[in-house]
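Close look at the chain arrangement
Here is how the chains run, residue by residue.
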There are 2 protein chains.
Amino acid sequence: MDDCIFCRIVSGDLESDLIYEDDDLVAFRDLNPQAPTHVLLIPRRHVSTVNDLGYADAELIGRLVLAGQRLASEEGIAEEGYRLVLNCNREAGQSVFHLHLHLLGGRRMKWPPG
Amino acid sequence: MDDCIFCRIVSGDLESDLIYEDDDLVAFRDLNPQAPTHVLLIPRRHVSTVNDLGYADAELIGRLVLAGQRLASEEGIAEEGYRLVLNCNREAGQSVFHLHLHLLGGRRMKWPPG
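Residues numbered from 1 in each chain as written. Chains lettered and ligands numbered in written order. Predicted model: local features only at pLDDT ≥ 70, side-chain atom pairs only at ≥ 80, totals over all residues. Heavy atoms only, no water.

**Points about the packing of helix α2 (residues 58-74) of chain A against helix α2 (residues 58-74) of chain B**
Two elements in contact, α2(A) and α2(B), have axes separated by 7 Å at closest approach and are oriented at 105°. Considering their axes alone, α2(A) and α2(B) lie roughly perpendicular with respect to each other. On α2(B), the residues touching A58(A), E59(A), I61(A), G62(A), R63(A), V65(A) and L66(A) of α2(A) are A58(B), E59(B), I61(B), G62(B), R63(B), V65(B) and L66(B). (Axes fitted to C-alpha atoms, helices over the stretch in contact; angles between N-to-C directions. Helix = DSSP H or I, 4+ residues; strand = E, 2+ residues; numbered from the N terminus. Parallel < 35°, antiparallel > 145°, perpendicular 65-115°, else oblique. Contact = heavy atoms within 4.5 Å.)

Below, the structure written as structure tokens:
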């Protein structure tokens, strides 16, 4: 996926403020942060949207959430609180079509969530 | 957890607008909907917050997300788009301390997500 900017971050072709990586996942800071902590967590494998996940991906997506949990702890926001967000398609405002989990915290989050 | 309202929904002790259940998960409509579709998905097992999930729960939490994906499809909002939200602790606005995934759609969601 040469034209996917998140695939280019995964490959190292594009620079990013990387804060975590393992065999399956990569996490980096959002370029347009909406909270004091705003991290994006993505699978290395290109998956366009949540709609493209299958049953076999359950553990992968679960590990994405658990990585968000651990990063929240490392960022020092686990106890005060944090929000995890997945946007799927246009009405949710998904802008990059490589599945990504937003981790936001460090401020009081409002309701509704957008 | 006799004092947990979501455990009471799981047990059938409290009525709810249930739209899905399987051996591990239950989904029902939010009593204070923030979008035309606003569903809560929960594990049957009491888990207070995202912070209380362990490695062994990866598949469970992944299946929670995949159930949200399928319900979005059943609600007719999968293609237009939907947002999935997990709130952890006070600053995220978590109000019921039984882990729950919000599925919101049927309208244009704003940014930031709260």
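What follows picks up the thread again.
**A closer look at the interface of chain A and chain B**
Each side of the interface is counted separately: chain A has 44 residues, and chain B has 44 residues. Roughly 4,100 Å² is buried in total at the junction of chain A and chain B, and carbon and sulfur atoms are behind 54% of that figure. Considering only the side of chain A, the residues that lose the most area to chain B are E91(A), W111(A) and G114(A), jointly responsible for 16% of the buried surface there. There are 2 salt bridges connecting chain A and chain B. Where R90(A) meets E80(B), a salt bridge forms, and the shortest distance between an N and an O atom there is 2.8 Å. For the pair chain A and chain B, the interface holds 35 residue pairs in polar contact (both at pLDDT 80 or more). Where the side of chain A that touches chain B is concerned, the elements lending two or more residues are α2, β4 (82-88) and β5 (101-105) of chain A. (Buried area = accessible area lost by both parts, 1.4 Å probe. Salt bridge = Lys/Arg side-chain N within 4 Å of Asp/Glu carboxyl O. Polar contact = N/O pair within 3.5 Å; in protein donor to acceptor, adjacent residues only side chain to side chain.)

**Side note on the pairing of β5(A)**
Residues and elements named next belong to chain A. Most of β5 is tucked away, with 5 of its 5 residues classed as buried. Burial along β5 is two-sided: L101, L103 and G105 and H102 and L104, pointing in opposite directions, are all buried. As defined by bridge partners, strand β3 (residues 37-43) adjoins β5 across 5 bridges and the pair is classed as antiparallel. Bridge pairing links L41 to L101 in β5. Pairing between β4 and β5: 5 bridges, direction antiparallel. Looking at β5, one finds that V85 is bridged to H102. (Buried < 20%, exposed > 50% of the residue type's maximum accessible area, 1.4 Å probe, protein only. Pairing = 2+ DSSP bridges.)

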